[in-house]
Amino acid sequence: MVRAILDGRKSQTRRVIKGAPHEEPQLEAVMVRDEACFIERAHVGTPQETCHYRYGEEGEQPAIACPYGAPGDKLWVRETWGLNHYEYERAPIPKVRPSDLEDQYLAYQATEDDSEVRNELRWRPSIHMPRWMSRLTLEIAEVRAERLLACSENDAKAEGLEWTTPGRWSVATHLPIIGDDPRRVYFELWDHINGAGSAAADPWVWAVSFRVLDEAAQ
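Residues numbered from 1 in each chain as written. Predicted model: local features only at pLDDT ≥ 70, side-chain atom pairs only at ≥ 80, totals over all residues. Heavy atoms only, no water.

Caption draft 1: Examining helix α4 (residues 182–194) more closely. Between the first and last C-alpha of α4 there are 18 Å, a value that for 13 residues agrees with the 18 Å anticipated at 1.5 Å per step. Every buried residue of α4 is listed here: Pro-182, Val-185, Tyr-186, Phe-187, Leu-189 and Trp-190. Where α4 is buried, its residues touch β1 (12–16), α3 (153–158), β11 (169–170), β12 (178–179) and β13 (204–212). Where α4 begins, the side chain of Asp-181 points an oxygen toward the backbone nitrogen of Arg-183, at a separation of 3.0 Å. A positive phi of about 110° marks Gly-195, the residue just after α4. (Helix = DSSP H or I, 4+ residues; strand = E, 2+ residues; numbered from the N terminus. Expected span 1.5 Å × (residues − 1). Buried < 20%, exposed > 50% of the residue type's maximum accessible area, 1.4 Å probe, protein only. Contact = heavy atoms within 4.5 Å. Polar contact = N/O pair within 3.5 Å; in protein donor to acceptor, adjacent residues only side chain to side chain.)

Right under this line is the structure:
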């Protein structure tokens, strides 16, 4: 969804909260020390020092803090990339940017329009992208802990949906997911990524809102 961020369509992302008791309906999310966490309904308003949740036979469990950060934190985006330069294309990844590696040699698959480059360049996976190669830095604006199906129509649009034909929303040109209901389209995308029926399971998720920083602010 890098192109959606670059186009200004994507300003939110959702990730399943690992370790959360997804089957427990009696939990609510609260803000503690500016971090979202879970707490039993009966204990909403519990002092910060004792924030916790309870479920099943496991007893008291510690609060879960968002691993992606808090408002004001910065995240740098990794994406599929390559170095369109004879000396560096297949060489080990430099830890720091070489002084002779000008911007014209930096390639990003999401926005590469040259068919020859797209087809022949040695593309490297996003997990191997060094920090100096990243072209996108995001600042977290808000973090919420909520159920997936709490995603509103505007939230779904902010996940990067694209207005295609009149009254129709889509997620990407290469995916056959399109419809007139933004929420339904987004939940179909969720199922495509996380497995059939995963949206209907209504898991707890981190809903992270962000803004793209310009170079001066990075």
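That covers the picture; the talk isn't over yet.
Caption draft 2: Geometry of the packing of aromatic side chains. Tallied over the entire structure, the rule returns 2 aromatic pairs. Note on Tyr-186 and Phe-187: the rings are 5.9 Å apart at their centroids and 50° apart in plane angle, and the pair reads as tilted. Residues Tyr-186 and Phe-187 agree in their burial class; the two are buried. Plain terms: the ring middles of Tyr-186 and Trp-190 are 6.4 Å apart, the flat faces sit at 65° to each other, and that makes the pair edge-to-face. Separated by 4 residues within a single helix, Tyr-186 and Trp-190 lie in helix α4, roughly one turn from each other. Of the residues examined, Tyr-186 reaches a relative accessible area of 4% and is grouped as buried. (Phe/Tyr/Trp six-rings, centres within 6.5 Å; stacked < 30°, edge-to-face > 60°.)

Caption draft 3: How the structure looks around the pattern of salt bridges. Going through the model one piece at a time under the given rule, you end up with 13 salt bridges. Arg-14 is paired through a salt bridge with Glu-146; the nearest N and O atoms lie 3.2 Å apart. Of this pair, Arg-14 sits in strand β1 while Glu-146 sits in strand β9 (residues 137–147), placing them 132 residues apart in sequence. The buried category is assigned to Arg-14, whose relative accessible area is 3%. In this structure, a network of salt bridges that share partners links the residues Lys-10, Arg-14, Glu-142, Arg-144, Glu-146, Asp-155 and Glu-159. (Salt bridge = Lys/Arg side-chain N within 4 Å of Asp/Glu carboxyl O.)

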